[in-house]
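Here are the chains, one letter per residue:
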Amino acid sequence: MRLFLALLLALAPTPALAWGKTGHRVIGAIAARLVTRHTRHAVRAILGVEGIAEASTWPDFERSNPDAFWQKEAGPFHYVTVPPGKTYAEVGAPPEGDAVTALTKFVATVRDRAASRDARALALRFIIHIVGDLHQPLHAGNGTDKGGNDVKVTFNRESTNLHAVWDSGLIDQEQLSYSEFAAWLLPRITTAERRDWRVTDPKVWIGESAALRDRIYPAPPTTPGEPAKLGFDYVYAWTADRDLRLEQGGVRLAAYLDALFAGKPL
Ligand code: ADE
Ligand code: ZN
Ligand code: ZN
């Protein structure tokens, strides 16, 4: 029986909770190239040799930390919930908090000169991570399916769920490292986009994510109960939007960090 349970656990797909490592690092690497000198120095003063791309995945790594903060408090910091037809401004955050309330809290910590370096490093790593997460369309969940984690699909014949397809499936099938991916995307961001996308209000990023989210659900499978089968057609349909969200995530992360360290309102 113990063996059976162990096997069951080993086979159970763990719910994916963020862009995968590559997605977060692509956004971090793009941002690292776009921030001001002042921001670069401020980040280095807090994180030392750890760069923005490296810091971006740390809040997912720490999910397995047994401390109460990670097990009881930090879970909701990765996403927001916005039902179709509503805006984040209309629904706001639940009592346990969400990615937006976490951003506000961590901005205050980074700016608090009396806070410890460890506390400021945790806050900065979370900010870097959350700006990325909010550009993953399914991190603005519709409130019915845990951001697509409950939507079972196959992707290139492997059993998974819609959330994981967007966290990592669509990205990993490119077979690029994060630095190769960032090097492809960076020169495709035009000067006008760099200027026009510099929006630091998370409500704007969330509105875009929720609008995209509503378009990316596969048609219900013809046999009820069967997972929808996603393959080359799905990749072909959504590659441009995947790249757009990674590019915008990078530009917004740079803008957000610049505003953070310039003392601008956030
Ligand atoms: N749990 C509930 N909603 C979620 C979301 N949008 N993303 C990740 N995990 C979730
Ligand atoms: Zn996350
Ligand atoms: Zn996720």
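Residues numbered from 1 in each chain as written. Chains lettered and ligands numbered in written order. Predicted model: local features only at pLDDT ≥ 70, side-chain atom pairs only at ≥ 80, totals over all residues. Heavy atoms only, no water.

A. How the structure looks around the packing of aromatic side chains. Taken as a whole and judged by the stated rule, the model has 11 aromatic pairs. Relative to Trp70, the ring of Trp58 has its centre 5.4 Å away and its plane inclined at 85 degrees; by these criteria the two rings are edge-to-face. Residue Trp58 is found in helix α5 (residues 58-61), and its partner Trp70 is found in helix α6 (residues 68-73); the two are separated by 12 residues along the sequence. Among the aromatic side chains, those forming a connected cluster through ring pairs are Trp58, Phe69, Trp70, Phe77, Phe106 and Phe126. Positioned over the ring face of Trp58 is Arg125, at 4.4 Å from the centre of the ring. (Phe/Tyr/Trp six-rings, centres within 6.5 Å; stacked < 30°, edge-to-face > 60°. Helix = DSSP H or I, 4+ residues; strand = E, 2+ residues; numbered from the N terminus. Lys NZ or Arg CZ within 6 Å of the ring centre and 35° of its normal.)

B. Spotlight on the coordination of the zinc ion (ligand 2). In this structure, His78 (ND1), His129 (NE2) and Asp133 (OD) serve as the protein donors to the zinc ion (ligand 2), at separations of 2.0 to 2.1 Å. Donor residues for the zinc ion (ligand 2), ordered by position in the chain, follow H-x50-H-x3-D. (Donors = N, O, S within 2.8 Å, 3.2 Å for Na, K, Ca; no water.)

C. Fine view of the environment of Ala237. Relative to the helices and strands, Ala237 is located in helix α14 (residues 232-262). Since its relative accessible area comes to 42%, Ala237 is described here as partly exposed. Along the primary structure Ala237 and Arg198 are separated by 39 residues, whereas in three dimensions their C-alpha atoms are 26 Å apart. (Buried < 20%, exposed > 50% of the residue type's maximum accessible area, 1.4 Å probe, protein only.)

D. Representation of the sheet that holds strand β4 (residues 158-161) in the model. With mixed pairing, the three strands of this open sheet are ordered in space as β4-β3-β5. With one partner strand each, in any of the chains shown, β4 and β5 (228-230) form the two edges of the open sheet. Strand after strand, the sheet turns through a mean of 40 degrees between neighbouring axes, direction not considered. For strand β3 (residues 152-155) and β4, the ladder comprises four bridges, and the chain directions are antiparallel. When the sheet's bridge partners are listed, Phe155 is paired in β4 with Glu158. Lying on the sheet, helix α10 (residues 162-172) is in contact with β3, β4 and β5; it crosses β4 at an angle near 110 degrees. (Pairing = 2+ DSSP bridges. Axes fitted to C-alpha atoms, helices over the stretch in contact; angles between N-to-C directions. Contact = heavy atoms within 4.5 Å.)

E. Representation of α10. For α10, the buried fraction is high: nine of the 11 residues fall into the buried class. Turning to α10, its buried residues are Leu162, His163, Ala164, Val165, Trp166, Asp167, Gly169, Leu170 and Ile171. Residues of α10 that are buried sit in contact with α2 (21-34), β3, β4, α11 (178-185), β5 and α14. Measuring from the backbone nitrogen of His163 back to the side-chain oxygen at the start of α10 gives 2.9 Å, which picks out Asn161 as the cap. (Polar contact = N/O pair within 3.5 Å; in protein donor to acceptor, adjacent residues only side chain to side chain.)

F. Local environment of the nonpolar core. Counting 58 residues, the largest nonpolar core has Val80, Leu124, Ile127, Ile130 and Leu257 as its most contacted members. Contributions of two or more residues to this core are made by α2, α3 (37-47), α4 (52-55), α8 (99-111), α9 (117-133), α11, α13 (202-213) and α14. Residues within four places of Val80 in sequence aside, it is in contact with Tyr88, Asp98, Ala99, Val100, Leu134, His139, Ala140, Gly141 and Ile206. Among the nonpolar cores identified, the runner-up in size contains 15 residues, and Val151, Ala228, Tyr234 and Trp238 belong to it. (Core = buried A, V, L, I, M, F, W, Y, C linked by side-chain atoms within 4.5 Å.)

G. Representation of the pattern of salt bridges within the structure. According to the stated counting rule, one finds 12 salt bridges in the structure shown. Residue Glu174 pairs with Arg242 through a salt bridge whose shortest N-O separation is 2.9 Å. One end of the pair, Glu174, is in the loop between α10 and α11; the other, Arg242, is in helix α14, and 68 residues separate them in sequence. Residue class for Arg242 comes out buried when judged on its relative accessible area of 2%. One salt bridge connects Arg242 with Asp243, and the closest N-O pair in it is separated by 2.9 Å. Assigned by exposure class, Arg242 and Asp243 land together as buried. Each of the salt bridges in this network shares a partner with another, and the network as a whole consists of Glu174, Arg242 and Asp243. (Salt bridge = Lys/Arg side-chain N within 4 Å of Asp/Glu carboxyl O.)

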